[in-house]
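As a plain string of letters, each chain reads:
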Amino acid sequence: MASRTLKKSASAISDTLRRTFSSKTWEHREQLHTLTEDNKFFLRKVRWQIALLAHLGFAISFGIRSNFGVAKNRMVNNFTDAYGEVHEKEFFWTGTEVGMMESSFFYGYAASQIPAGVLASKFAPNKLFMLGILIASLLNILTAVSLKFHPFTDIFVMVIQTMQGLALGVCYPAMHGVWKFWAPPLERSKLATTTFTGASVGVMIGLPASAYLVSHFHWSAPFYVFGVLGIVWSLAWMYVAGSSPTTHSYISEDERKFITEKVGSVAVKNMTLTTLPWRDMMTSTAVWAIIICSFCRSWSFFLLLGNQLTYMKDVLHIDIKNSGLIAIFPQLGMCIVTLTSGQLSDYLRSSGKMSTEAVRKSVNTFGFTVEAVMLGSLAFIRDPVIAVTCLIIACSGAGAVLSAFNVNHFDIAPRYAPILMGIANGLGAIAGVGGIVTNSMTFENPEGWKWVFLLAMSIDICGIIFFLVFAKGDVLPWAREPEKEETFNEFVRRMSTMVRSLSRRTRSRSTDTNYAKMEEERVNSSEMKACNKTETPTEEGVLNETKAVGGNLEVVPEEPSQKNLKTDRPEV
């Protein structure tokens, strides 16, 4: 009896699992093989050319971000260059002032995210991406010029940093807008991770390249070099990238047809801030799971981006000329893990071995756990070899999360992916204020790094728990419903109607207030008395009042009513 019951239970469970996995497998296989394209080298496919060029664009943008973090080591300290010449410090900033100079970038970066998401959904996202990097490159050159007039231009440099943050803040939402048109569903992880690993490559190349330029030339050299690279890249992007496959100039017909049929129609033409499902977005726990993870990842990333070389110099006592080369390995490990996890995630989903939700949660948990453990270890390790090893493992493990929460926007709301990316990246950029915390805790205090790493570990743990509990892998109900289409003229007409209605209500209230004041003045006046409308003055009362005023005045008798008069006109 017991064995028969056990067999039935096992059979029921196996049927459920087989039904679940087989349906997913069939769905994905059908999507993969019902329409195919010519088997050609991947670099001949336009979507992969866009991915690689976007990868280079992110590398330049993150190289620009790393310039100030490296240059400050020569700017605020006595510095010995690669030729043995000693340079006295030129900038006399305190730790708090250095933190404010660095964090001013993130104020603009956070503020531009949500508007950039809306703009990327409404206009050509490829052009928005190009403008962001081009403007940031020009401002990078202007930063170097302005800093030469220190201390008179310090406030102006902070404004430039904020504007640079505004420009680079559009990159992630704009690139999500590009992939909304160009990425087939089962290639999203691969294309997205290929693109976004440019951030790791930018840090990997930007840190040692900036360190080399600072040591061999001048603290301003990185600003000029990366600024010029950004301008050259913008020209190449204008030629390669198109707003969509249907409008691209040189894409092959089979690739155009393959992408358009896999992606389907993208209907967000007349979207405005008022037509988005804001309430559903901001009350969705799945969206907040992405936002929390974005904040946690940004905290650790910004910590290492701006302070990695400072940590190596102050705690591990590694010279900046050597630390720039060592900084390559953590970012190299991150690139390898990011690309590998992207390929693995798409394989597990397309083969039906795991659901999208299970893949995202598993990969996200792995990445954050590895980073948290290694950062916690760095709080107590002082040996340079072991510390650098932990640093490499931490950055490498963190690369996995880019194929988890960082592409989860496409899973839960593909039509609103640029908006969600803007929200998550904007709120996540608040972690940039961690630069003030880090500089305050570690300025002339190497022991403060212990608490910096323990704080980063705690933040990572929060991200693990929140994503495991609340993340989703399927399209949410509010993301399936088409938003109300509203043209710009309709939006202006509706806003003007609201303003006129408000103006009328304001004038009505003002009139009522003035009338009430007039009534109050009439009642309170000493020369006038309010009379009761229901009472009529009697003949005796009129006589008394007349005597009181004039004494000898006589009352004129009332004339007969008009209706009592007789006329010669015949009655009808």
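Residues numbered from 1 in each chain as written. Predicted model: local features only at pLDDT ≥ 70, side-chain atom pairs only at ≥ 80, totals over all residues. Heavy atoms only, no water.

*Asks:* Looking at this structure, I do not really get the pattern of salt bridges. What am I missing?
*Replies:* Think of it this way: side chains of opposite charge can pair up when their charged atoms draw near. Within the structure shown, the criterion is met by five salt bridges. Here Arg-297 and Glu-371 are joined by a salt bridge, their closest N and O atoms 3.0 Å apart. On the criterion of sequence distance, the pair formed by Arg-297 in helix H12 (residues 285-314) and Glu-371 in helix H15 (residues 356-378) is long-range, its members being 74 residues apart. The burial state of Arg-297 is the same as that of Glu-371; both residues are buried. Between Lys-361 and Glu-357 there is a salt bridge, with its nearest N and O atoms 2.9 Å apart. Here Lys-361 and its partner Glu-357 are both found in helix H15, four residues apart, which amounts to about one turn of the helix. Lys-361 gets classed as buried once you look at its relative accessible area, which sits at 14%. The class for Glu-357 is partly exposed, based on a relative accessible area of 28%. (Salt bridge = Lys/Arg side-chain N within 4 Å of Asp/Glu carboxyl O. Helix = DSSP H or I, 4+ residues; strand = E, 2+ residues; numbered from the N terminus. Buried < 20%, exposed > 50% of the residue type's maximum accessible area, 1.4 Å probe, protein only.)

*Asks:* Looking at this structure, I do not really get the packing of helix H7 (residues 171-182) against helix H18 (residues 417-428). What am I missing?
*Replies:* Geometrically, a packed helix pair is captured by the angle between its two axes and the distance between the axes. One way to put it is that H7 packs onto H18 with a least axis distance of 8 Å and a crossing angle of 160°. By the angle class used here, H7 and H18 are roughly antiparallel. The hand of the H7/H18 crossing is right-handed. Along the contact surface, H7 presents Tyr-172, Pro-173, His-176, Gly-177 and Lys-180, while H18 presents Ala-417, Pro-418, Met-421, Gly-422 and Asn-425. (Axes fitted to C-alpha atoms, helices over the stretch in contact; angles between N-to-C directions. Parallel < 35°, antiparallel > 145°, perpendicular 65-115°, else oblique. Left-handed = near helix turned anticlockwise from the far one by under 90°. Contact = heavy atoms within 4.5 Å.)

*Asks:* Is there a simple way to explain helix H8 (residues 188-216) in this structure?
*Replies:* Owing to its 3.6 residues per turn, the α-helix brings residues three or four apart onto one side. For H8, which comprises 29 residues, the first-to-last C-alpha distance of 42 Å matches the rise-based estimate of 42 Å (1.5 Å per residue) to within 8%. A bend of about 25° at Ala-199 is the largest found in H8. Counting buried residues in H8 gives 24 out of 29 residues, a clear majority hidden from the surface. (Expected span 1.5 Å × (residues − 1). Bend = angle between axes of the 7 residues up to and from the residue.)

*Asks:* Can you walk me through the packing of aromatic side chains in this structure?
*Replies:* The geometry of an aromatic ring pair comes down to the distance between the two centres and the angle between the two planes. Scanning the entire structure with this criterion turns up 19 aromatic pairs. Site record: aromatic cluster; members linked through ring pairs are Phe-58, Phe-62, Phe-129, Tyr-172, Phe-196, Trp-233, Trp-237, Phe-301 and Phe-302. Between the NZ or CZ atom of Arg-65 and the centre of the ring of Phe-62, over which it lies, the distance is 4.1 Å. (Phe/Tyr/Trp six-rings, centres within 6.5 Å; stacked < 30°, edge-to-face > 60°. Lys NZ or Arg CZ within 6 Å of the ring centre and 35° of its normal.)

*Asks:* How should the environment of Pro-384 be read in this particular structure?
*Replies:* Along the chain, Pro-384 falls in helix H16 (residues 384-398). Residues Pro-384 and Ile-318, 66 residues apart in the sequence, show an inter-C-alpha distance of 8.0 Å. Leaving out residues up to four positions away in the same chain, Pro-384 has contacts with Leu-316 and Ile-318.

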